[in-house]
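Below, each chain spelled out in residue letters.
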Amino acid sequence: MAVPVVDPARYGEQLEAKRERISTQFAHLTTPELEVFASPASHYRMRCEFRIWREGDELFYAMFEPDPERPDKKRAVRVDQFPVASERINELMPLLLEAVREDDVLSRKLFQVDFLTTLAGEALITLIYHRPLGEDWEAAARALEERLGVMIIGRSRKQRLVLTRNHVWEHLTVDGREFTYQQVENSFTQPNAAICESMLSWTRDVTRQSQNRDLVELYCGNGNFTVALAENFRRVLATEISRTSVASAKANLAANAVNNVHVARMSAEEFSLALKGEKGGRRVAEMGLADYDFSTVLVDPPRAGLDDDSCDQLSDYDRIVYISCNPDTLVDNLERLTQTHDISRFALFDQFPWTHHCECGVLLERRA
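Residues numbered from 1 in each chain as written. Predicted model: local features only at pLDDT ≥ 70, side-chain atom pairs only at ≥ 80, totals over all residues. Heavy atoms only, no water.

Colleague: Just give me the short version of the pattern of salt bridges, but keep the residues and values in it.
Modeller: Opposite charge on two side chains makes pairing possible when the charged atoms of those side chains draw close. One pass over the structure, following the stated rule, counts 29 salt bridges. Here D175 ties to R204 by a salt bridge, and the two come within 2.9 Å at their closest N and O atoms. Taken as a pair, D175 in the loop between β9 (167–174) and β10 (177–184) and R204 in helix α5 (residues 193–206) lie far apart in primary sequence, 29 residues in all. In this structure D175 comes out as partly exposed when scored by relative accessible area, which is 39%. A single network of salt bridges, built from pairs that share partners, joins E35, D175, R177, R204, D205, R208, E231 and R345. (Salt bridge = Lys/Arg side-chain N within 4 Å of Asp/Glu carboxyl O. Helix = DSSP H or I, 4+ residues; strand = E, 2+ residues; numbered from the N terminus. Buried < 20%, exposed > 50% of the residue type's maximum accessible area, 1.4 Å probe, protein only.)

Below is the structure:
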């Protein structure tokens with residue numbers, strides 16, 4: 001990730017540029033007015049990672065950006081404060097660096113630091129090394145946990161030492177309700193908590209009045225959307241391939257007392273085969289597919305988007321809620337999906353201010 005230039009006074013200008021870009025890119029499709037959800041102009045990222053850089057006796061955080069003199073290379077850029085990161089991360093950055101500089105056990109062959117924080121200020125720090133970690137490191141790291149009021153994990157090759165726990169608990173307020181999420185270290189979570197709240201509110205709004213039918217969610221991750229949308233449907237079937245994410249999704253459903261969701265560890269491709277009756281086995285039997293009456297599918301795919309077969313699978317549902325982190329693959333997928341469905345809602349979520357990245361949400365409804 002390159003170091004972005006943050007100028008809060010110009011935030012409206014950069015957001016308007018994104019609105020124009022998305023409106024132009026999708027102009028050939030019949031879309032309603034674009035709904036735009038703004039981010040805080042600074043201190044919006046709840047997680048980030050830094051390299052630890054050494055120049056002589058100096059030790060500092062670094063990130064990388066293209067080298068203007070050698071376009072095929074990247075150069076390290078010193079980072080003392082990081083205004084896109086949460087205020088808690090910025091508070092911890094100098095304190096952690098000071099502690100590391102003072103202690104050879106903590107600093108020796110340390111090459112990366114990852115921060116994971118919450119809106120309430122809970123913090124988990126992962127220290128990553130090019131050496132094995134022993135009892136001396138654990139003692140020093142436990143003292144550092146106490147000193148900074150954080151949780152710490154140590155990583156090195158084939159080694160992971162969790163001192164307190166491997167996750168934080170985030171609390172998001174959506175439509176006046178609080179939802180609780182376990183967010184696990186080194187697993188995907190939505191980085192911009194304020195925009196995540198907007199995304200959850202929007203998806204809840206576009207799926208209202210669905211209580212008599214069911215939702216299937218592909219790529220459900222830690223259940224970020226699942227938890228918030230469950231009350232809008234009779235039942236929900238959510239699929240995810242990552243074991244860690246499946247376990248976290250189940251923990252989040254329990255934490256929010258959601259009892260109408262079944263989470264299956266299965267890829268989107270495997271689920272498609274199961275729907276067609278071309279895949280069996282224990283996991284398929286546990287889903288009880290015959291008991292569902294799906295009206296809606298929610299998909300939040302990787303940046304590569306969906307292949308043609310997956311788009312064809314989505315076309316079987318009355319409503320499609322598509323969350324995309326890549327407008328370039330989204331526009332290709334919509335060209336195929338709009339052969340059978342109309343776009344009735346279209347949103348831009350400014351997940352990553354001061355970068356070219358855009359997050360979009362689309363509701364498609366089957367034509368009569």
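Colleague: So what's going on with the sheet that holds strand β6 (residues 123–129)? Residues and values would help.
Modeller: As summarised here, the arrangement of the seven strands in space is β4-β3-β2-β5-β6-β7-β8, forming an open sheet in which the pairing is mixed. Two strands lie at the open edges of the sheet, namely β4 (70–79) and β8 (159–162), each paired on one side alone. Between one strand axis and the next, the sheet turns through 30° on average, direction left out of account. Here β6 pairs with strand β7 (residues 151–156) via five bridges, running parallel. Each bridged residue has a counterpart across the sheet, and for I128 the counterpart in β7 is R155. Its contacts with the sheet place helix α4 (residues 135–148) against β6, β7 and β8, and it is angled at close to 150° to β7. (Pairing = 2+ DSSP bridges. Axes fitted to C-alpha atoms, helices over the stretch in contact; angles between N-to-C directions. Contact = heavy atoms within 4.5 Å.)

Colleague: Give a detailed account of the environment of Y317, specifying residues and quantitative values.
Modeller: Note on placement: Y317 falls in the loop between α10 (308–314) and β15 (319–324). A relative accessible area of 6% places Y317 in the buried class. Separated by 241 residues in the primary sequence, Y317 and A76 have C-alpha atoms spaced 48 Å apart. Not counting residues within four places of it along the chain, the set of residues in contact with Y317 comprises V216, F271, L275, F294, S295, T296, V297, H341 and R366.

Colleague: So, the environment of D67: which residues are in play, and what are the values?
Modeller: In this fold, D67 is placed in strand β3 (residues 58–67). With relative accessibility at 11%, the residue D67 sits in the buried group. Sequence separation of D67 and V6 is 61 residues, and the distance between their C-alpha atoms is 20 Å. Once residues lying within four places of it in the same chain are set aside, the contact partners of D67 are K73, K74 and R75.

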